[in-house]
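Inside the fold
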Amino acid sequence: MKLSKKDKLYNWHPYTQHKTAAEFPAIVKGKDALLWDENGKEYIDAIASWWVNPFGHSNEVIANAIYKQLTTLEHVLFGGFTHNKAVELSEKVLSILPANQKKVFYSDNGSTAVEIAIKAALQFFYNKEEKRTKIIAFEDAFHGDTFGAMAASGISFFTEAFQGSLLEVIRIPVPTEDNEEEVLSKLESLLQSGQFAAFIFEPLVLGAAGMVMYNASALDKLIAICKKNHVFAIADEVMTGFGKTGKNFACDYLTQQPDMMCLSKALTGGTIPMAITTFTQEIFDGFYSDDVNKALFHGHTFTANPTGCAAALASIELLESDKIQQNITQVHQQHLVFQEKIKAHPKVKTTRVSGVIFALEVKTDSQESYYGNLRNKLYNFFIEKGIILRPVGNIIYILPPYIISNAQLQKVYQTIEEALEIV
Ligand SMILES: *Cc1c(COP(=O)(O)O)cnc(C)c1O
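Residues numbered from 1 in each chain as written. Predicted model: local features only at pLDDT ≥ 70, side-chain atom pairs only at ≥ 80, totals over all residues. Heavy atoms only, no water.

**A closer look at a nonpolar patch on the surface**
Put simply, the rule reads: Each patch is built from salt-bridge-free residues with over 30% relative accessible area, joining like charges within 9 Å and nonpolar side chains (Val, Leu, Ile, Met, Phe, Trp, Tyr) within 5 Å. All accessibility values rest on the Shrake-Rupley procedure with a 1.4 Å probe; residue burial counts only the protein chains present in the view. Each salt bridge in this description consists of a side-chain nitrogen of Lys or Arg and a carboxyl oxygen of Asp or Glu lying within 4 Å of one another. Only DSSP runs of H or I with at least four residues qualify as helices, and only runs of E with at least two residues qualify as strands; both kinds are numbered from the N terminus onward.
On the surface, a cluster of nonpolar side chains totalling about 430 Å² of accessible area is made up of Met 1, Leu 9 and Tyr 10. For Leu 9, the location among the structural elements is in helix α1 (residues 3-10).

**Thoughts on the nonpolar core**
Rules: Buried Ala, Val, Leu, Ile, Met, Phe, Trp, Tyr and Cys residues that are joined via side-chain atoms within 4.5 Å together make up what is termed a nonpolar core. Buried, partly exposed and exposed residues are distinguished by accessible area as a fraction of the type maximum, computed with a 1.4 Å probe on protein chains only: under 20%, between the cut-offs, and over 50%, respectively. Domain start and stop positions are those given by an automatic or database domain assignment. In this description, contact between two residues means that some pair of their heavy atoms is separated by no more than 4.5 Å.
Ranked by size, the top nonpolar core spans 106 residues in total, and within it Phe 138 and Leu 389 carry the most contacts. Top contributing element to this core by residue count: helix α11 (residues 306-320), with 8 residues. Counting contributing residues, this core receives three or more from each of domain 1 (3-58 + 322-420) and domain 2 (64-319). Among all residues touching Phe 138, those that are not within four sequence positions of it are Arg 171, Ile 172, Pro 173, Val 174, Pro 175, Phe 199, Ile 200, Phe 201, Leu 206, Tyr 214 and Leu 222. Core analysis: the next-biggest nonpolar cluster, separate from the first, contains 31 residues, Phe 105, Val 114, Ile 116 and Ala 198 among them.

**So, helix α8 (residues 180-191)**
For clarity, the threshold we go by: One less than the number of residues in a helix, times 1.5 Å, gives the span that helix is expected to have. Our arc is simply the arc of the directions from the helix axis toward the C-beta atoms.
Here α8 is 12 residues long and its end C-alpha atoms lie 17 Å apart, about the 16 Å a rise of 1.5 Å per residue gives. Taken residue by residue, α8 has Glu 180, Val 183, Leu 184, Leu 187, Leu 190 and Leu 191 as its buried positions. Looking straight down α8, one finds that the buried residues subtend no more than 130 degrees of arc, so they occupy a single side. Residues of α8 that are exposed and point more than 90 degrees away from the buried face comprise Glu 181 and Glu 182. On its buried side, α8 packs onto β5 (134-138), β6 (169-172), β7 (196-201) and α9 (216-228).

**Topic: the sheet that holds strand β16 (residues 395-398)**
Strand pairing in a sheet is mediated by backbone hydrogen bonds. Such pairs are either parallel or antiparallel. To keep it simple, the criterion reads: Here a strand pair is declared whenever DSSP counts at least two bridges between the two strands. Interaxial angles span 0 to 180 degrees and are taken between N-to-C directions of axes, which are lines fitted to C-alpha atoms, for helices over the stretch in contact.
Strand order in the open sheet formed by 3 strands is β13-β14-β16, with antiparallel pairing between adjacent strands. What marks the edges here is a single partner per strand, and that holds for β13 (348-354) and β16. Sheet twist, expressed as the average angle between the axes of neighbouring strands with direction ignored, equals 15 degrees. Two strands pair when backbone bridges link them, and strand β14 (residues 357-362) and β16 are joined in this way by 4 bridges, in the antiparallel orientation.

**Thoughts on the packing of aromatic side chains**
Rules: In this analysis, rings of Phe, Tyr and Trp, with Trp reduced to its six-membered ring, are considered paired at centre separations within 6.5 Å, and the interplanar angle assigns stacked below 30 degrees, edge-to-face beyond 60, and tilted for intermediate values.
Under the defined criterion, the tally for this structure stands at 19 aromatic pairs. With centroids separated by 5.4 Å and ring planes inclined at 35 degrees, the aromatic side chains of Phe 125 and Phe 232 adopt a geometry described as tilted. Linking Phe 125 in helix α5 (residues 110-127) with Phe 232 in strand β10 (residues 232-236), this pair joins segments that are 107 residues apart in sequence. The class of Phe 125 is buried, set by a relative accessible area of 0%.

**Topic: the sheet that holds strand β1 (residues 27-31)**
Strand order across the open sheet formed by 4 strands is β1-β2-β3-β15, with mixed pairing between neighbours. A strand with exactly one partner marks an edge of an open sheet, and here the two such strands are β1 and β15 (387-388). Pairing analysis gives 3 bridges linking strand β2 (residues 34-37) to strand β3 (residues 42-45), with the strands arranged antiparallel. In the sheet register, Trp 36 faces β3, and the bridge partner there is Glu 42.

**Overview of α9**
In this model α9 runs 18 Å from its N-terminal to its C-terminal C-alpha over 13 residues, within 8% of the 18 Å that 1.5 Å per residue would give. Among all positions of α9, only Ala 216, Ala 218, Leu 219, Asp 220, Leu 222, Ile 223, Ile 225 and Cys 226 are buried. Here the buried face of α9 lies against β5, β6, α8, β7 and β10. A positive phi of about 50 degrees marks His 230, the residue just after α9.

**Digging into the site of the ligand**
For clarity, the threshold we go by: We call a residue near a molecule or strand as soon as one heavy atom of that residue lies within 4 Å of the molecule or strand. Any pair of N or O atoms that falls within 3.5 Å is considered a polar contact. Within protein, one atom must be able to donate a hydrogen and the other to accept it, and sequence-neighbouring residues count only if both atoms are side-chain atoms. Gly is placed with the polar residues, together with every amino acid not listed as nonpolar (Ala, Val, Leu, Ile, Met, Phe, Trp, Tyr, Cys and Pro) or charged (Asp, Glu, Lys and Arg).
By nearness alone, every residue bordering the ligand is listed as Trp 51, Asn 109, Gly 110, Ser 111, Phe 142, His 143, Gly 144, Glu 202, Asp 236, Val 238, Met 239 and Lys 265. The contact in question runs from a nitrogen atom of the ligand to an N or O atom on the side chain of Asp 236, over 2.7 Å. The fraction of the free accessible surface of the ligand (380 Å²) that becomes covered by protein chains is 83%. Per-class residue counts for the shell around the ligand are 4 nonpolar, 5 polar and 3 charged.

**Observations concerning the side chain of His 335**
Structurally, His 335 is set in helix α12 (residues 322-342). On the basis of relative accessible area, His 335 is assigned to the buried category, the value being 0%. Setting aside chain neighbours within four positions, we find His 335 in contact with Val 353, Gly 355, Val 356, Ile 357, Phe 358, Ile 398, Pro 400, Leu 409 and Tyr 413.

**What about unusual backbone geometry?**
The phi dihedral of Ala 48 is positive, around 50 degrees, even though this residue is not glycine. Position of Ala 48 relative to the elements: it lies in helix α2 (residues 48-51). What makes Ala 48 buried here is its relative accessible area of 1%.

**Focus on the environment of Ala 48**
For the pair Ala 48 and Gly 241, spaced 193 residues apart in sequence, the C-alpha separation works out to 14 Å. Those residues in contact with Ala 48 that sit more than four places away from it in its chain are Asn 53, Leu 399, Pro 400 and Pro 401.

**So, the pairing of β3**
Joining the antiparallel neighbours β2 and β3 is a turn of 4 residues, in which Gly 40 adopts a positive phi near 90 degrees. Two elements, β3 and β15, share 2 bridges in a ladder whose sense is parallel. The residue bridging Ile 44 from the neighbouring strand is Ile 387, located in β15.

**Digging into the packing of helix α3 (residues 60-70) against α11**
The packing of two helices is summarised by the inter-axis angle and the distance between the axes. Here is the rule we go by: Oblique is the label for any angle not under 35 degrees, not over 145, and not in the 65 to 115 range, which are roughly parallel, roughly antiparallel and roughly perpendicular in turn. Left-handed is the label given to a crossing in which the near helix is rotated counterclockwise from the far helix by less than a right angle, and right-handed is the label when the rotation is clockwise.
Where α3 meets α11, the closest approach of the two axes is 8 Å, and the angle between their N-to-C directions is 150 degrees. With respect to α11, the element α3 is oriented roughly antiparallel. Between α3 and α11 lies a crossing of right-handed hand. On α11, the residues that touch Val 61, Ile 62, Ala 65, Ile 66, Gln 69 and Leu 70 of α3 are Pro 306, Thr 307, Ala 310, Ala 311, Ala 314, Ser 315 and Leu 318.

Purely geometric stuff here, so don't read any function into it on its own.
What follows is the structure, encoded as structure tokens:
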């Protein structure tokens with residue numbers, strides 16, 4: 001039996017209504033920006049397998065680092081023990097993050113990285129016997145699918161069924177040129193209540209909302225308001241981290257520094273699930289006490305897995321190489337050229353670019369839902385053409401591995417142009 005058929009018998013896929021879903025292509029091999037399914041069909045992975053893979057599939061540098069670690073020390077518990085790879089990786093990560101980030105907490109995925117940040121914010125104030133139990137987040141934010149992360153997420157159909165069971169989160173709009181003053185004063189007046197522990201945000205680009213972009217100066221002002229009111233600013237860089245916006249981190253465009261940062265997706269170059277939450281010294285000190293009850297009682301079995309750490313160290317070394325930095329610039333330049341070409345197309349409403357991220361909104365008469373008809377039509381068209389793109393409603397975006405070739409990227413653009421003819 002074909003793998004695709006067998007998959008239907010056993011597997012329950014993410015974000016999938018299986019009654020209406022077709023059989024899924026079964027991928028058996030990947031190299032660089034390409035994937036192949038069991039029938040030999042080739043795909044260009046134009047979204048880096050959900051934004052995790054900057055350096056290409058089956059990358060040998062990372063694979064060798066993983067193999068070496070697997071045959072030296074594959075795993076050891078991080079409770080009561082440490083190991084060289086965790087020490088090396090923490091030192092490395094802190095050296096490239098904003099200078100106020102001083103402590104590293106490991107976990108397994110983006111949602112847990114966010115969960116840890118939210119718990120730390122709430123417990124920081126609990127430890128001080130200050131009652132701050134709510135947080136602030138953007139409308140349409142996405143921070144993950146576990147309960148705390150889900151509470152912070154604003155895309156309603158992801159969270160609708162659980163509304164009664166969630167942490168209290170108050171939302172502010174994403175700042176635009178038109179509403180910036182309004183958003184700033186809304187945050188200012190909310191924070192005056194003294195009930196908030198943190199403001200969590202995706203810096204500069206809201207990924208799952210459809211690569212919605214806003215500017216650094218507005219975010220600087222929002223963070224400044226948080227600082228003034230002693231509310232923690234949590235930068236969720238799970239999507240934006242490690243070069244996506246053109247700099248290592250979206251926060252590198254800011255003059256303000258966040259209090260906590262969440263990292264995952266590209267951390268290990270798309271190989272091993274791993275995440276990091278980082279903290280300022282002030283936050284760490286809020287747990288530092290002779291009283292054991294003030295500790296952060298949070299942990300995961302695979303915390304700081306040495307193999308994951310080795311993969312992350314190899315990835316960061318790649319990220320910092322001249323070749324990859326050139327790749328990022330090249331992808332960005334080509335996006336700008338495509339943007340110039342496509343922005344006046346009669347079916348294009350708007351376009352936007354940040355680093356290696358390109359997004360285009362298709363003009364529609366109706367409000368397109370996240371997994372609506374237009375989205376499905378586009379998705380199926382791209383898959384048929386051998387291009388992996390996952391439009392969000394009427395938004396088509398590209399977030400390719402940095403090493404995608406010029407010819408491959410041109411094929412992605414050309415297929416998007418063809419898609420505009422069928423909508
Ligand atoms: C994907 C994502 C998450 C959740 O990460 P998972 O690894 O899927 O749990 C959190 N925040 C942002 C900004 C993301 O893009």
